[in-house]
Amino acid sequence: MIESGNLTLKSHYEILDVKEDARSDEIRTCYRTAILSYHPDKMQTTSHTSNPANELGRRFLEVQRAWEILGDSKSRALYDNELQSSRQDSATAEDIRLEDLSIEAVGDIFELSYGCRCGDYFLIDSLEFSDMGYSLSKNGSKTVLQAPRSPPASVVLPCGSCSLKVRLLINSDSKLQTELSN
């Protein structure tokens, strides 16, 4: 699991769309499928208007890095241990869904929040969602979050004041459609 600021991004297993207990040959097959999907040479011949070239290049590098770790049994074992310990470190108070969040427009950025029992908030904004590959867009007075077709993901959000954390669960068909609270 990759952590960046207050985000927990996809694990190498999620990047390759393979279960954590998968055999080596299953991982290799998923790697080959994924690498072909994002290979720069392949992308020049197909038209992907919804994904800019730099996004595809970033995903290609993510897939390659995931394979470098999971393709070698020793590095995979180390990664599995690291992944397990990071999950224990990020124990959460509860799991929440997109529908549980309040949303507020702050200029061109949308800020989503969930109240903590200490009185502060768990926060995530549209830029952080964008870094994860999700798009948040405004449609009239409504805001819509669309998730790419991928395995379910989760993001661990820390409280702004106390040590509590919540896990935001995002399914591939998740859509947040709510009135803006201004």
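Shown above is the structure to which this text applies.
Below you will find a few notes about this structure. Note that the structure is predicted; figures quoted are calculated from it, not measured. (Residues numbered from 1 in each chain as written. Predicted model: local features only at pLDDT ≥ 70, side-chain atom pairs only at ≥ 80, totals over all residues. Heavy atoms only, no water.)

### Here we look at the pattern of salt bridges
1) Next: Following the criterion strictly, the structure yields eight salt bridges and no others.
2) Next: For the salt bridge of Glu-99 with Arg-97, the shortest nitrogen-to-oxygen distance reads 3.9 Å.
3) Next: Glu-99 sits in the partly exposed class, given a relative accessible area of 48%.
4) Next: What makes Arg-97 partly exposed here is its relative accessible area of 48%.
5) Next: One salt bridge in this structure joins Arg-97 and Asp-100, with 3.6 Å as the shortest N-O distance.
6) Next: Residues joined in a network through salt bridges with shared partners are Arg-23, Asp-25 and Glu-26. (Salt bridge = Lys/Arg side-chain N within 4 Å of Asp/Glu carboxyl O. Buried < 20%, exposed > 50% of the residue type's maximum accessible area, 1.4 Å probe, protein only.)

### Remarks on the pairing of strand β10 (residues 165-170)
1) Next: A one-sided burial pattern is seen for β10, the buried positions being Val-166, Leu-168 and Ile-170 and the unburied ones Lys-165, Arg-167 and Leu-169.
2) Next: Two elements, strand β3 (residues 94-97) and β10, share four bridges in a ladder whose sense is parallel. Bridge pairing in β10 places Ile-96 opposite Leu-168.
3) Next: What sits between the antiparallel neighbours strand β9 (residues 153-158) and β10 is a turn of six residues. (Helix = DSSP H or I, 4+ residues; strand = E, 2+ residues; numbered from the N terminus. Pairing = 2+ DSSP bridges.)

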